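# Examination of the molecular architecture
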Amino acid sequence: MSLVRLALVAALAAALAAPVGAQVPRRPREQQVATLPRFMVANPYVTANTDSAAAVQVGTAMRERMTKITDGAYNVLTQDQMNEALKQYGYPANAILSLSLASTLAKSVQARALLASSMSKTGGSQYAVQARLAGVNDEAGSVVTVPQGSAGLADLGNRVADQLEPAYKSMGDAKSCADQRSTKPDKAADGANKALKQFPGNGLAEFCLGQIALAKKDAKEAIKHFQAAAKNDPLSINAWANLAELYQAQNDTANVLATFREMLKVAPTNQKLREQAFKYFLNANKPDIAKDIADSGIKNDPYNPDFYDLKSNACLFLSDFKCAVDALEAGYAIDSTKADTLFFTKITVAAQQKPDTVRLLKWARIANQKFPNNVTLLKALAKAYSLAGPLDSAMAVTQRLVQANPSDVTPSLELAQPLITNKRQKEAIPLVQLAAQKGDSQAKENAAALLYQAAAPLLQEPTQDYAGAAELLRSAVTTANPQGKVYPAANYLLGLATLLQVPQVDPKAEKQKSCDLANEENGLLEEAEKAFTAGQSANPEVATRNLGIIAKYKPRTASMIKAYCKKKK
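Parameters and conventions
Residues numbered from 1 in each chain as written. Predicted model: local features only at pLDDT ≥ 70, side-chain atom pairs only at ≥ 80, totals over all residues. Heavy atoms only, no water. Buried < 20%, exposed > 50% of the residue type's maximum accessible area, 1.4 Å probe, protein only. Helix = DSSP H or I, 4+ residues; strand = E, 2+ residues; numbered from the N terminus. Contact = heavy atoms within 4.5 Å. Core = buried A, V, L, I, M, F, W, Y, C linked by side-chain atoms within 4.5 Å. Pairing = 2+ DSSP bridges. Axes fitted to C-alpha atoms, helices over the stretch in contact; angles between N-to-C directions.

## Quick word on helix H3 (residues 79-88)
Every buried residue belonging to H3 is among Gln81, Met82, Asn83, Ala85 and Leu86, and all of these are buried. Buried residues along H3 sit against strand E1 (38-41), helix H2 (52-70), strand E2 (75-76) and helix H4 (99-108).

So this is what it looks like as structure tokens:
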């Protein structure tokens, strides 16, 4: 949306950091109303680009009518003042802000009250406006929904303000309750009841009465008032939070689930809330609820990246990793400025699970460009290269990881696997040896398995290298857990690698009558015997047969040593 998406996050940051004096332009002294509390009326939030102009018309009408309704009690910021304030924070004129951003801007310009709203199509070219009036720091407010009907846009804005007039007139009494509920609860309750007589839909008054009931430990009465507060102001996260806590205390699972559902609609990016909700959904065996909430939010507000983030978390809980990546990609397409290290960690972890090598490599590269020194994201890039190639790039990234954290051998092991698979054992062995030297018990076992895997092809044609295989297998045996699965398998292959060298050495020893070769042959037989004994469980039948062959060879070798290794006089 051209009016919305230009600077949402940048503007938010600026709003929090900008000096107060820069927030609303100074006017000639005769026009100043600095002594009056400020009242901000935001343009209605819309999700479709084509609805922006209509939203500005409705917002302008609401602002002008609310100026008349407040009748000098507030400084209702004019459209020019609003645009000047928006400009200070990088927003375009007549910017369309989400409810949360409108609240942030209202606080930054030191407004005391805020009228924020959202506008949606009801069919054809007709709209309906849901508007919320509340103090910017109040825990609840008042919400009305006004359909356009046959009225024009300006009339729609006027009708919204008119319907909120009784809510506005009851704000003072409701506020007096909030201010006195801890010190003078009876007087506070009188203020709340007075506010409700003026306007039965005052959410703050009901919320205040709920807090008073909580202090008296009257859960039933508190629930009644918090329910009314949430009904009057379904955007009040505080009302829903109190209800959720009370329902949990009563073990009312159905109402807790329903309440968390509403809370996530109101605050989809509240991390603490999401964690509590997801934990409860899982305990109730309802992890799909969060996904349904996110899908509903996306349907109503398809340009809000927060709902896509919520959906990605739900998909991760459901182990639907493709869904998680899809949701994160959709949110990134709407607003890439929100992509922090957590975003990239989630999307790369999700892409690794199947794995989706194409998307993993894509997002790992983007992440590394944005956060080149983040070790977690660098690991994801190394993993991506290991899975999708090129392996030379994976080697370069792994070297960076080893330099950054020499004690973490995981990247070395992950790269060694594809190197071995691609018959690049010479490059893989140093990585495996590093893991064997510095890794924990599990890393050592994994290293032993990779050494075994690297050695096995060397026992077969056309690469037959029995000595090279034996060298790798000796390292595997030394590294492996004697109680694990790799140890007997590595010993069995070591027995083969050493025994198969004997027919190569034996004729040379006999022809040259060489003491050294005879001793080498004897050493190979002894090593093979020891290895087959330790690895007999890996292949009992073949190991037993080879032990028999060794037993037959040993007398011959002994006689050669006796004949060729006479002491020199």
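After presenting the structure, the write-up continues.
## Here we look at the nonpolar core
The biggest cluster of nonpolar side chains holds 82 residues, and the ones touching the most others in it are Phe344 and Phe532. With eight residues, the single largest contributor to this core is helix H23 (residues 486-499). Not counting residues up to four positions away in its chain, the partners in contact with Phe532 are Asn491, Tyr492, Gly495, Leu496, Leu499, Ala543, Asn546, Leu547 and Ile550. Tyr247, Phe278, Phe281 and Ala290 belong to the second largest nonpolar core, which has 34 residues in total.

## With respect to the pairing of strand E5 (residues 142-147)
Remember that side chains alternate between the two faces of the sheet whenever the strand is regular. Two elements, strand E4 (residues 126-135) and E5, share six bridges in a ladder whose sense is antiparallel. By the bridge assignment for E5, Leu133 is matched with Ser142. Here E4 hands over to E5 after six residues, the two strands then running antiparallel side by side.

## A look at the environment of Ala367
By the element assignment, Ala367 lies in helix H16 (residues 357-370). Owing to a relative accessible area of 0%, Ala367 belongs among the buried residues under this scheme. In this structure, the C-alpha to C-alpha distance between Ala367 and Ala443, residues 76 residues apart in sequence, is 27 Å.

## Some details on the sheet that holds E2
What the five strands build is an open sheet, ordered E2-E1-E3-E4-E5; its pairing is mixed. Every interior strand has two partners, whereas the edge strands, E2 and E5, have only one. Taken together, the two bridges between E1 and E2 define a ladder with parallel strand orientation. Counted as the bridge partner of Phe39 is Val76 from E2. Against the sheet, H4 contacts E1 and strand E3 (111-123), and its axis sits at roughly 160° relative to E3.

## Brief notes about the pairing of E3
Relative to E3, E1 runs parallel, the two being bridged by four bridges. Bridged to Arg38 within E3 is Ala111. Across ten bridges, E3 lies against E4 in antiparallel orientation. Each bridged residue has a counterpart across the sheet, and for Met119 the counterpart in E4 is Val129. Between E3 and E4, which pair antiparallel in sequence order, lie two residues; one of them, Gly124, sits at a positive phi of approximately 65°.

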